[in-house]
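Residue strings, one per chain:
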Amino acid sequence: MSMRIFVLAALFLLSLPTFAQPALRVTQLAEFADGLSQPHDAAFSPDGKLIYLTDMRNSRIQVLEAMTLKPVGRFGAGELSYPHDAEFDQAGRLLVADTGNDRVAIYEIKGAEAKLVGELKGLAGPEGVAVMPDGRILVTNTRNATLSLFRDGKLVQTAGGPGSRDGELRNPHDVEVASDGTVYVVDSANNRVQVFDAALQHRASFGAALGLSGPKYLAIDGDRVWLADEYNHRILLLDRSHQLLGVLGSGKRGRAADAFHKPEAVLARAPYVWVIDTYNDRVVLLRID
């Protein structure tokens, strides 16, 4: 009997999630929810004082003060269709993954005032956009499972394609680029993140050991990576070796400083984290204690 109990205990321990980590301790500093409808991702202004939030189902951009989440203004209504991601380029223009219009919309920005000045076309359900250190622009295409690379407004390279092997994608969402040119692509339907070099050659993948379920958008903050794990209702903090450091959220749906409902994105600037709590229709500013 004792041997049977020992075996059962061993099997139980082996079945525990490999990603178990102490929850991060946080203090909620601010929240904004007024009129939002499934917000998806956001970008800091070049001076870091504002965030530009893609208010997806309202088809617009909401502008908020970064450290208070007080609304400053909004734009894009009538021009955008279900925008998912936003990023500033090296010229200070805001690039918006304008998903429903199959393009990246380009805005000249002054505070909450914006003027549509261009677009990148030939895309298929773009949901992520990022800028390379040399100014090239990367876009994820969810419908055809590819990455599109633009230089000076022209498509110069396509990578990826449907599948689950290294370098292949299924429903890719976010793309982010580190300062050294390393490219991170959230390969959502494959429940992983793929890492590429600046030439878009596959270098690594991670996610299986983390138990990811529908990861969507990530943020790079120095030598740390934050990842929104949507269907697990949590935000993960990783080091640049992709090892788990801590977790925000219990893994169950909720609405609190440390409880979310299918969060899709996160911004980070230590010790602060902005969680885009998509299906609670809000964004929350937290301090990691």
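Residues numbered from 1 in each chain as written. Predicted model: local features only at pLDDT ≥ 70, side-chain atom pairs only at ≥ 80, totals over all residues. Heavy atoms only, no water.

**Concerning the overall build of the protein chain**
Here is step 1 of the chain: The secondary structure content of the protein chain amounts to one helix and 24 strands.
Here is step 2 of the chain: For a compact globule of 289 residues, the expected C-alpha radius of gyration is about 19 Å, and the protein chain comes in at 19 Å, within 12% of that figure.
Here is step 3 of the chain: With the C-alpha coordinates of the protein chain rotated into their principal frame, the extents come out at 75 × 40 × 30 Å.
Here is step 4 of the chain: Taken over 289 residues, the protein chain has a buried fraction of 55%.
Here is step 5 of the chain: The contacts of the protein chain with a sequence gap of at least 6 include a subset with a gap of at least 24, amounting to 43%.
Here is step 6 of the chain: Total accessible area on the protein chain is roughly 12,600 Å²; 49% of this is exposed by carbon and sulfur atoms.
Here is step 7 of the chain: Computing the positive centroid from 31 side-chain charges and the negative centroid from 35, the protein chain places the two 3 Å apart. (Helix = DSSP H or I, 4+ residues; strand = E, 2+ residues; numbered from the N terminus. Rg over C-alpha atoms; globule rule 2.2 N^0.38 Å. Buried < 20%, exposed > 50% of the residue type's maximum accessible area, 1.4 Å probe, protein only. Contact = heavy atoms within 4.5 Å. Areas by Shrake-Rupley, 256 points an atom, 1.4 Å probe, with all protein chains shown as cover. Lys, Arg positive; Asp, Glu negative; His and termini not counted. Charge placed at Lys NZ, Arg CZ, Asp CG, Glu CD.)

**Here we look at the pairing of strand E11 (residues 137-141)**
Here is step 1 of the chain: In terms of burial, E11 is largely enclosed, as five of its five residues are buried.
Here is step 2 of the chain: Here E11 shows two buried faces, one formed by Ile137, Val139 and Asn141 and the other by Leu138 and Thr140.
Here is step 3 of the chain: In this structure, strand E10 (residues 126-131) lies alongside E11, joined through five bridges in antiparallel fashion. Note on E11: the bridge partner recorded for Val131 is Ile137.
Here is step 4 of the chain: Where E10 hands over to E11, the hairpin turn is made up of five residues, of which Gly135 adopts a positive phi near 95°. (Pairing = 2+ DSSP bridges.)

**What to know about the pairing of strand E16 (residues 192-196)**
Here is step 1 of the chain: Counting buried positions along E16 yields five of five residues, so the element is predominantly enclosed.
Here is step 2 of the chain: Looking at chain direction, strand E15 (residues 183-187) and E16 are connected through five bridges and run antiparallel. Opposite Asp187, over in E16, you have Arg192 as the bridge partner.
Here is step 3 of the chain: Once E15 ends, the chain turns through four residues before running back antiparallel as E16, passing Asn191 with a positive phi of about 55°.
Here is step 4 of the chain: Judged from the four bridges that link them, E16 and strand E17 (residues 202-206) form a sheet pairing that is antiparallel. By the bridge assignment, Gln194 is partnered in E17 with Ser205.
Here is step 5 of the chain: Between E16 and E17, which follow one another and run antiparallel, lie five residues, and Leu200 among them has a positive phi close to 65°.

**A look at the packing of aromatic side chains**
Here is step 1 of the chain: Going through the model one piece at a time under the given rule, you end up with five aromatic pairs.
Here is step 2 of the chain: Seen from their ring centres, Phe44 and Trp274 are 5.0 Å apart, and the 85° between their planes marks the pair as edge-to-face. In this pair, Phe44 is assigned in strand E2 (residues 39-44) and Trp274 in strand E23 (residues 272-277), connecting sequence segments 230 residues apart.
Here is step 3 of the chain: By relative accessible area, Phe44 is classed as partly exposed at 21%.
Here is step 4 of the chain: Judged by relative accessible area, Trp274 falls into the buried class, the value being 0%. (Phe/Tyr/Trp six-rings, centres within 6.5 Å; stacked < 30°, edge-to-face > 60°.)

**Regarding the side chain of Asp85**
Here is step 1 of the chain: Inspection of the secondary structure puts Asp85 in strand E6 (residues 83-88).
Here is step 2 of the chain: Although Asp85 is buried, it forms no salt bridge, and the closest oppositely charged side chain is Lys216 at an N-O distance of 13 Å.
Here is step 3 of the chain: Side-chain polar atoms of Asp85 contact the backbone nitrogen of Val129, separated by 2.9 Å.
Here is step 4 of the chain: Those residues in contact with Asp85 that sit more than four places away from it in its chain are Asp41, Thr54, Leu95, Val96, Ala97, Glu127, Gly128, Val129, Asp174 and Tyr217. (Salt bridge = Lys/Arg side-chain N within 4 Å of Asp/Glu carboxyl O. Polar contact = N/O pair within 3.5 Å; in protein donor to acceptor, adjacent residues only side chain to side chain.)

**Notes on the pattern of salt bridges**
Here is step 1 of the chain: Applying the stated rule across the entire model yields 16 salt bridges.
Here is step 2 of the chain: One salt bridge connects Glu168 with Arg165, and the closest N-O pair in it is separated by 2.8 Å.
Here is step 3 of the chain: With a relative accessible area of 16%, Glu168 lands in the buried category.

**Things to note about the confidence of the model for the protein chain**
Atomic detail in the predicted coordinates should be set aside for any region of low pLDDT.
Here is step 1 of the chain: Across the protein chain, the average pLDDT comes to 93, with 93% of residues at or above 70.
Here is step 2 of the chain: Across residues 1-19 the pLDDT falls below 50, and counting only partners more than four positions away or on other chains, this stretch makes six contacts in the model. (pLDDT = per-residue confidence, 0-100.)

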